[in-house]
Amino acid sequence: MWGTLLNAVTVLFGSALGLMIGGRLPARIQESVITGLGLVTAYVGVSNAGETGNVIIPLIALVTGVIAGELLALDRRLESFAAWVHARFEGNHAVEAASEGAVAGRARFIEGFVTASLVFCVGPLTFIGSIQDGMGLSIGFEQLAIKSVLDLFAALAFASSLGIGVMFSVLTVLSVQGGLALLGSLAGDFMSSAMVNEMTAVGGLILIGLSLMLLDLKKPRIANFLPALIIAPLLVAAGEALGIDLYPF
């Protein structure tokens, strides 16, 4: 869990710096910062997507995953949670809701929370690092330490443009990475390299979708694709158990 706690601290610190800097930056600069983050996110996504050994696996995982996500309405649930956090933070949501400026502020809070949560919690370092950290392996902590540095700068950039909602994404980081660390402590080393690679590839494709949002090209409901991260390694595990050659080429 130490890696997760370190990651949470860096997100809080980066967000605090971003909030201090953000008010001093013109809107044009904030917009360009988000565009830069979108470009980097797209690059990381493409790089991770290339880890697949059989593109059919992430294809099936994404299609079945997003169907499950749409049925569960994960995007609305995540946004509703962000709205609940915002209401608790503001304290008097009923009064502020009547103000047009407050409504815009609420929307900005939700956007910052959801966007940062997805960026910080979708990727191989999140899943593999957290699981290995929970298993007590030093490599897991090292991976989360690297992720923490990356997230520090990402949190700074996001908070300067999207506001305080980014800081509250630390709740998602603690929940997701803490849960994975607990899973690692209970289940041990249960993922093969092929399972890790296909999960990484799916995570890369989800990051590409997220980059489309940051670049203001499309507004996919990215949260609804998250079940694919679980389905991809399960497909590999099923293939291995049944003796199916998933990589014939």
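### Concerning the overall build of the protein chain
Alright, step 1. In terms of helices and strands, the protein chain carries 11 helices and 0 strands.
Alright, step 2. The secondary structure elements of the protein chain, listed N-terminal to C-terminal, are α-α-α-α-α-α-α-α-α-α-α.
Alright, step 3. Relative to the 2.2 N^0.38 estimate, which gives 18 Å for 249 residues, the radius of gyration of the protein chain is 18 Å and therefore close to what a compact globule would have.
Alright, step 4. With the principal axes as the frame, the protein chain shows a C-alpha extent of 60 × 35 × 35 Å.
Alright, step 5. When the 249 residues of the protein chain are sorted by exposure, 47% land in the buried category.
Alright, step 6. Of the contacts formed within the protein chain by residues at least 6 apart in sequence, a portion of 83% connects residues at least 24 apart.
Alright, step 7. Summed over all atoms, the accessible surface of the protein chain reaches about 12400 Å², with 69% contributed by carbon and sulfur.

### Some remarks on the pattern of salt bridges
Alright, step 1. Under the criterion given, the structure shown has 3 salt bridges.
Alright, step 2. Among the ionic pairs, R221 bridges to E70, the shortest N-O distance being 3.0 Å. A residue pair is termed long-range when its members are at least 10 positions apart, and R221 in the loop between α10 (193-214) and α11 (228-242) and E70 in helix α3 (residues 56-72) qualify at 151 residues.
Alright, step 3. Taking the relative accessible area as the measure of exposure, R221 reaches 47% and is therefore partly exposed.
Alright, step 4. In this structure, the salt-bridge partner of D151 is K147, at a minimum N-O distance of 2.6 Å. Residue D151 and its partner K147 are both found in helix α8 (residues 138-162); the two are separated by 4 residues, about one turn of the helix.
Alright, step 5. The buried category is assigned to D151, whose relative accessible area is 6%.

### Observations regarding the packing of aromatic side chains
Alright, step 1. Going through the model one piece at a time under the given rule, you end up with 3 aromatic pairs.
Alright, step 2. Taking 6.1 Å as the distance between ring centres and 20° as the angle between the ring planes, the aromatic pair formed by F81 and W84 counts as stacked. Taken together, the positions of F81 and W84, both in helix α4 (residues 74-90) and 3 residues apart, correspond to about one turn of that helix.
Alright, step 3. Residue classification places F81 among the partly exposed positions, given a relative accessible area of 35%.

### Here's the deal with the confidence of the model for the protein chain
Alright, step 1. In the predicted model, the protein chain carries a mean pLDDT of 85, and 92% of its residues have values of at least 70.
Alright, step 2. The secondary-structure element of the protein chain with the lowest mean pLDDT is helix α5 (residues 93-96), recorded at 47, while α3 shows the highest, at 96.
Alright, step 3. Every residue in residues 93-97 scores below 50 in pLDDT, and together they form 7 contacts with partners more than four places removed in sequence or on other chains.

### Remarks on α4
Alright, step 1. Look at α4: 24 Å from first C-alpha to last across 17 residues, which is about the 24 Å you get at 1.5 Å a residue.
Alright, step 2. Considered for burial, the residues of α4 that qualify are D75, L78, A82, A83, V85, H86 and A87.

### Remarks on unusual backbone geometry
Alright, step 1. The phi torsion at A73 lies on the positive side, around 55°, for a residue other than glycine.
Alright, step 2. At D216, a position not held by glycine, the phi torsion is positive, near 60°.
Alright, step 3. Looking at where D216 falls in the secondary structure, it is placed in the loop between α10 and α11.

Analysis parameters
- Residues numbered from 1 in each chain as written.
- Predicted model: local features only at pLDDT ≥ 70, side-chain atom pairs only at ≥ 80, totals over all residues.
- Heavy atoms only, no water.
- Helix = DSSP H or I, 4+ residues; strand = E, 2+ residues; numbered from the N terminus.
- Rg over C-alpha atoms; globule rule 2.2 N^0.38 Å.
- Buried < 20%, exposed > 50% of the residue type's maximum accessible area, 1.4 Å probe, protein only.
- Contact = heavy atoms within 4.5 Å.
- Areas by Shrake-Rupley, 256 points an atom, 1.4 Å probe, with all protein chains shown as cover.
- Salt bridge = Lys/Arg side-chain N within 4 Å of Asp/Glu carboxyl O.
- Phe/Tyr/Trp six-rings, centres within 6.5 Å; stacked < 30°, edge-to-face > 60°.
- pLDDT = per-residue confidence, 0-100.
- Expected span 1.5 Å × (residues − 1).

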